[in-house]
Amino acid sequence: MGTRMQAVPELDLVIFGGTGDLAMRKLLPALMRLQQDELLPARLRVIGVAREPLTQAAFQALAHDRIASYQGKHFDPAGWDRFVGHIDYARVDATDAASFDDLAQRLQAEPQRDRVFYLSTAPRLFSTICDQLAAKGLITERSRVVLEKPLGHDLASSRDINDAVGGHFGEQQIYRIDHYLGKEPVQNLLALRFGNALFEPLWRRESVRDVQITVSEELGVESRGDFYDQVGAMRDMVQNHLLQLLCIVAMEPPASISADAVRDEKLKILRALRPIEGADVAHKTVRGQYRAGASGGKPVPGYLEEERIKPDSTTETFVAIRAEIDTWRWAGVPFFLRTGKRMPQRVAEIVVNFRSVPHSIFGQSAESMNPNRMVIRMQPDEKVELHLLAKQPGDVMNLQPVHLNLDFSQSFKSRSLEAYERLLMDVMRGNLTLFVRRDEQEAAWRWVEPIMNAWKASTDKPKPYTAGTWGPAASSALLGRDGLAWHEEI
Ligand code: NAP
């Protein structure tokens, strides 16, 4: 983003959890693609770290087999051959100080290199990993640490993690990942909003009727039942991804694209979110849990019948919230947030609905179409569209909805980077703009916690919805009270 920063020429990227799912499915493939585009530092060493005793060759073979099996026919053997020389392995048990010695020796043999420690392990290990890195003298001024979610399960536990990591790394060295921020349409939204004078006058309460942010999954909990049952949709999706997307849509123009200028504006939005507490929780939020239904044309079990789920669990698999931002720009504009498992489609999108014309000269049918909206879609496809009404060709004045594609992928030759490619690039270049600052993360917890507490204290259970639908009926009613509807219902 912004002026192109050069990756440092010499860098050690140490991936704790190097044999794990995230490393194999996302991180190593992203690095491999960056290598193909010649975007990696010339002297990059990627050191996978885990407890399993593996030689460098065995780790390379494991990575090859796992990536080739994930990528199937898209796997590029020649690309792999160019990339594999960067990969090394060190056996470390995060809970055993002595096991860090080998890694330490290898890093210290090349003290001039920048170091990135990517913590792709369970967060309970973050503290001990940072303590050990510090004890071995491995954290230099030119070191960075990357933290994967979940960063705590509430404000207190997120503070504990931040204190533990912050005890050894300065805030400017800490990269908290929210991979939605790395997606091309999110950055395109920033470009459209702040690179053009066109949209800014419209981007406010006078012109915007409501904003809808949806991140839905078609899948259920799959094999992650024990993890998910302790977390739920609010912690897994709303506290981080949905609130980050809301910040990008709603923030004031930052003075520059520098990390702190952008993050200051996002923080102001989080702080301006009207608290939802007490009786408001029942009015402004919906929590749901899926029952047996169908997905992809096949019958699927309900949440309570899934493996490793407590039969009386009240964990929510769906959340819808009517949020409000108490600022001059947004007063009175509802921001609807929605996320859920076992929905009809895997979708991540932001829909900005503009107000109707004050008086339609084309009659009632045109007025009721409510035509103007901007759709920023991150999944399943990446696009930005502006929906308008236009005249259908012919002898009568018949208006029909049309949309302009605003992502201009045809206009540019360069390939767009996937989220993890972009974020790894930014870590290597030392650009924090797309990473979440501690105060943002804590402000987000401060807003969601009263809602979670009210749900916990309530005797009401999550509202049931049939797998394969867009959630409980109460979710539609949440918008219906404002005379609105989720955009797919219009
Ligand atoms: P995973 O498949 O369970 O992998 C965990 C990794 O940590 C393995 O490499 C494991 O190898 C290593 N490990 C476990 N205990 C260790 C220890 N004491 N010392 C050193 N290494 C240890 O987990 P994952 O799915 O890759 O997820 C990693 C982190 O990213 C989690 O915090 C997860 O919530 C987060 N995340 C994952 C995804 C995803 O798509 N998978 C997405 C977003 C966030 P050994 O057992 O050999 O030590």
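Structure shown above.
Below or above, wherever it landed, is the structure these notes cover.

Quick notes on the rules
- Residues numbered from 1 in each chain as written.
- Predicted model: local features only at pLDDT ≥ 70, side-chain atom pairs only at ≥ 80, totals over all residues.
- Heavy atoms only, no water.
- Near = heavy atom within 4 Å.
- Polar contact = N/O pair within 3.5 Å; in protein donor to acceptor, adjacent residues only side chain to side chain.
- Areas by Shrake-Rupley, 256 points an atom, 1.4 Å probe, with all protein chains shown as cover.
- Nonpolar A, V, L, I, M, F, W, Y, C, P; charged D, E, K, R; others polar.
- Helix = DSSP H or I, 4+ residues; strand = E, 2+ residues; numbered from the N terminus.
- Buried < 20%, exposed > 50% of the residue type's maximum accessible area, 1.4 Å probe, protein only.
- Contact = heavy atoms within 4.5 Å.
- Core = buried A, V, L, I, M, F, W, Y, C linked by side-chain atoms within 4.5 Å.
- Domains from an automatic or database assignment.

**Digging into the site of the ligand**
Around the ligand, the surrounding shell holds 21 residues, and the nearest of these are T19, D21, L22, R25 and R51. One of the backbone nitrogen or oxygen atoms of T121 is found 2.8 Å away from an oxygen atom of the ligand. Protein contacts shield 73% of the accessible area of the ligand, which totals 880 Å² for the unbound molecule. Broken down by class, the residue content of the shell around the ligand amounts to eight nonpolar, six polar and seven charged.

**Digging into the environment of G363**
Note on placement: G363 falls in the loop between β13 (347–354) and α12 (364–368). Given a relative accessible area of 32%, G363 falls into the partly exposed group.

**Brief notes about the side chain of E385**
Assignment of secondary structure puts E385 in strand β15 (residues 383–391). A distance of 3.4 Å separates the side chain of E385 from the side chain of H403, its partner in a polar contact. Sequence-distant contacts of E385, defined by excluding residues within four places in its chain, comprise R373, M374, V375, H403, L404 and L406.

**Points about the nonpolar core**
In this structure, L13, L28, I321, I350, V352, M374 and W447 are the most contacted members of the largest nonpolar core, which totals 120 residues. Per element, the largest residue contribution to this core is 12 residues, and it comes from helix α9 (residues 232–250). A domain split of this core shows at least three residues from each of domain 1 (10–176) and domain 2 (181–416 + 437–489). If sequence neighbours within four positions are ignored, L28 has contacts with I15, A23, V46, F59, A63, I67 and F83. Membership of the second largest hydrophobic core comes to 26 residues, among which are L151, I161, V165 and I174.

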